[in-house]
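# Reading the structure
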Amino acid sequence: MGSCAVCSTWEYGGRMRDGGGGPPVYSSSSHILAPKFAVLVGHNRKIISSLKIGGRRRRRMSLNTAAAMTATEKLQKGIAELYDESSGIWEDIWGDHMHHGFYQPGSDVSISDHRLAQIRMIEESLRFASLSDDSLQKPRKIVDVGCGIGGSSRYLAIKYEAECRGITLSPVQAQRAQELASARGLDGQVSFQVADALNQPFPDGEFDLVWSMESGEHMPDKAKFVNELARVAAPGGTIIIVTWCHRDLSPSEESLTSHETTILNKICDAYYLPAWCSTADYIELLKSLSLEDIKAADWSEFVAPFWPAVIRSALTWRGITSLLRSGWKTIKGALAMPLMVEGYKKGLVKFVIITCRKPALLRLTTNLPATFHNPIHY
Ligand code: SAH
């Protein structure tokens with residue numbers, strides 16, 4: 001396998017490591033097939049010969065696997081602790097949506113508009129995915145992957161009169177999300193649990209709408225992440241991924257610049273993020289799963305006022321005292337906020353929406369001959 005921008009284990013500059021390891025390096029996305037896809041497109045010989053290798057090498061490989069698992073576990077522990085620690089203060093100041101707002105460029109916004117802008121983000125995402133409000137076509141079962149304190153889950157459940165299941169790594173978030181649902185009389189209709197998006201506790205084909213609002217950037221294995229989203233989607237179901245990406249590489253580029261890598265590494269360190277990928281990388285992954293109606297858009301300009309507003313709110317008396325009472329992970333996150341502003345300004349950080357549909361008739365599969373796949377409309 002060559003250098004991979006999207007893989008189960010991240011291979012950069014000759015090193016292979018799990019996404020939860022040390023600072024990631026961002027390299028060419030020209031070859032983005034994950035090992036699991038490589039098996040399906042003709043790299044079988046390499047895989048089979050690696051199964052035949054002798055004892056010492058095999059032992060070394062299993063030790064590497066153990067080390068890689070530890071890195072993922074470490075990353076997920078950090079994510080859980082970050083959100084356990086910071087969700088209360090976020091809710092106090094910003095309410096129950098832990099995502100960017102969607103703003104019309106040039107509009108002058110007050111604090112109450114930021115909350116409206118977060119709702120607008122949900123509505124614009126649904127519109128982009130052409131989700132129907134029609135009572136016969138609207139989603140009945142929804143999963144909110146990386147649900148925070150359940151802002152989207154409750155909103156979508158009420159809007160569509162649907163059942164919604166939310167998963168998060170943070171026990172504090174899951175509990176708070178459920179309390180807020182109960183307070184709105186949504187018990188039974190909306191439920192939350194601590195679970196891993198990369199290994200979801202749901203059967204195949206369960207949900208008409210698979211929703212991931214700003215959780216994808218935390219996933220150390222983008223191929224597995226997308227695979228799980230597709231697995232739990234019902235035939236004909238819609239998948240919506242709104243996430244942070246780095247800019248697409250141009251055909252002549254092998255990697256991001258070292259200055260760009262330095263900025264991303266600092267952001268990753270502050271927010272417990274593994275290596276990022278580009279929008280083009282996501283599209284390749286979705287295509288490899290034969291998903292349909294794949295669409296993507298760069299919404300960076302529509303979210304530009306968000307981080308400056310978060311920084312302003314952190315610098316108020318209430319913001320500062322809350323931060324001081326929170327903990328080191330939250331403070332570290334706050335100190336890194338100007339880096340997000342810089343990343344957007346430089347065109348390095350991209351706020352992206354990617355949507356697609358699981359084929360209604362074709363069983364989701366990656367191992368059929370290319371000619372058997374449905375056409376991809378991207
Ligand atoms: N979607 C929510 C919260 C975004 S914050 C909102 O818009 O309000 C990111 C969320 O992703 C957190 O809830 C975090 O726990 C969750 N997350 C990150 N990695 C995850 C994983 N591997 N499995 C499940 N949830 C994850």
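What this report covers is the structure whose coordinates are included nearby. Keep in mind it's a predicted model, so treat the numbers as computed, not measured. (Residues numbered from 1 in each chain as written. Predicted model: local features only at pLDDT ≥ 70, side-chain atom pairs only at ≥ 80, totals over all residues. Heavy atoms only, no water.)

### Observations concerning the overall build of the protein chain
- Of the regular secondary structure elements, the protein chain holds 14 helices and nine strands.
- Per-residue burial over the protein chain gives 53% buried out of 378 residues.
- Per element, the accessible surface of the protein chain, about 17200 Å² overall, is 56% carbon and sulfur. (Helix = DSSP H or I, 4+ residues; strand = E, 2+ residues; numbered from the N terminus. Buried < 20%, exposed > 50% of the residue type's maximum accessible area, 1.4 Å probe, protein only. Areas by Shrake-Rupley, 256 points an atom, 1.4 Å probe, with all protein chains shown as cover.)

### Observations concerning the site of the ligand
- The ligand sits among 20 residues. The nearest are M98, H99, G146, Q173 and A197.
- At a separation of 3.5 Å, a nitrogen atom of the ligand approaches a polar side-chain atom of Q76.
- Here a nitrogen atom of the ligand and a side-chain polar atom of D196 are 2.9 Å apart.
- Here the ligand has 570 Å² of accessible area as a free molecule, and 99% of this is covered by the chains. (Near = heavy atom within 4 Å. Polar contact = N/O pair within 3.5 Å; in protein donor to acceptor, adjacent residues only side chain to side chain.)

### Regarding the nonpolar core
- Counting 63 residues, the largest nonpolar core has L126, W244, I267, Y271, W299 and W307 as the members making the most contacts within it.
- Ignoring any residue separated from it by four or fewer positions in sequence, one finds W299 in contact with F102, M121, E124, S125, F128, F351 and I353.
- Residues A197, F207, V210 and I241 belong to the second largest nonpolar core, which totals 31 residues. (Core = buried A, V, L, I, M, F, W, Y, C linked by side-chain atoms within 4.5 Å. Contact = heavy atoms within 4.5 Å.)

### Describing the packing of aromatic side chains
- Under the counting rule described, the total for this entry stands at 12 aromatic pairs.
- On the basis of an interplanar angle of 80° and a centroid distance of 6.1 Å, the ring pair of W244 and W307 is categorised as edge-to-face. Highlighted residues: W244 in strand β7 (residues 233–246) and W307 in helix α11 (residues 306–314), separated in sequence by 63 residues. The pair W244 / W307 is uniform in exposure class, with both members buried.
- Put simply, the rings of W90, W94, W244, Y271, W276, F306 and W307 touch in pairs and so form one group of aromatic residues.
- The aromatic ring of F128 is capped on one face by K295, whose charged end is 4.7 Å from the ring centroid. (Phe/Tyr/Trp six-rings, centres within 6.5 Å; stacked < 30°, edge-to-face > 60°. Lys NZ or Arg CZ within 6 Å of the ring centre and 35° of its normal.)

### A closer look at the pattern of salt bridges
- In the structure shown here, the tally under the stated rule is 17 salt bridges.
- Residue K141 pairs with E206 through a salt bridge whose shortest N-O separation is 2.9 Å. Taken as a pair, K141 in strand β3 (residues 141–145) and E206 in the loop between β5 (190–194) and β6 (207–213) lie far apart in primary sequence, 65 residues in all.
- Assessed through its relative accessible area of 28%, K141 is described here as partly exposed.
- Among the residues examined, E206 registers a relative accessible area of 24% and is labelled partly exposed.
- Salt-bridge contacts for D293 lead to R357; the nearest nitrogen and oxygen are separated by 2.5 Å. Remark: R357 occurs in strand β9 (residues 349–357) and D293 occurs in strand β8 (residues 292–298); sequence separation between them is 64 residues.
- Owing to a relative accessible area of 29%, D293 belongs among the partly exposed residues under this scheme. (Salt bridge = Lys/Arg side-chain N within 4 Å of Asp/Glu carboxyl O.)

### Observations concerning unusual backbone geometry
- Positive phi, close to 55°, is recorded for E214, a residue that is not glycine.
- Structurally, E214 can be placed in the loop between β6 and α7 (222–232).
- Taking the relative accessible area as the measure of exposure, E214 reaches 10% and is therefore buried.
- A positive phi is found at Y272, a non-glycine position, where the angle reads about 55°.
- Summarising the element assignment, Y272 is placed in the loop between α8 (258–271) and α9 (279–288).

### Concerning helix α14 (residues 337–345)
- When α14 is considered as a whole, its buried residues turn out to be M337, L339, M340, V341, G343 and Y344.
- Taken from the residues just after α14, G347 is the one with a positive phi, measuring 75°.

### Looking at the packing of α8 against α14
- For the pair α8 and α14, interaxial distance at closest approach is 10 Å and the crossing angle is 145°. α14 is crossed by α8, and the crossing has left-handed handedness. Listed contacts from α14 to H259, I263, K266, I267 and Y271 of α8 are M337, L339, M340 and E342.
- Across the contact of α8 with α14, the residue classes tally to six nonpolar, one polar and two charged. (Axes fitted to C-alpha atoms, helices over the stretch in contact; angles between N-to-C directions. Left-handed = near helix turned anticlockwise from the far one by under 90°. Nonpolar A, V, L, I, M, F, W, Y, C, P; charged D, E, K, R; others polar.)

### Details of a nonpolar patch on the surface
- Together, L315, I320 and L324 line one region of the surface with nonpolar side chains, adding up to about 320 Å² of accessible area.
- Inspection of the secondary structure puts L324 in helix α12 (residues 317–326).
- A relative accessible area of 66% places L324 in the exposed class. (Patch = residues over 30% accessible without salt bridge, like charges linked within 9 Å, V, L, I, M, F, W, Y side chains within 5 Å.)

### Notes on the side chain of R247
- The residue R247 is located in the loop between β7 and α8 in this model.
- Only 2.9 Å separates the side chain of R247 from the side chain of E260, close enough to count as a polar contact.

### Structural notes on the pairing of β7
- Of all 14 residues that make up β7, 12 are buried, and the element is covered over most of its length.
- As judged from the six bridges shared by β6 and β7, these two strands associate in the parallel manner. Looking across to β7, one finds that V210 is bridged to I239.
- A crossover links β6 with its parallel partner β7, the connecting element being α7, and its sense is right-handed.
- Taken together, the nine bridges between β7 and β9 define a ladder with antiparallel strand orientation. Paired with I239 across the two strands is C356, which belongs to β9. (Pairing = 2+ DSSP bridges. Right-handed = clockwise from strand over helix to strand, strands pointing away.)

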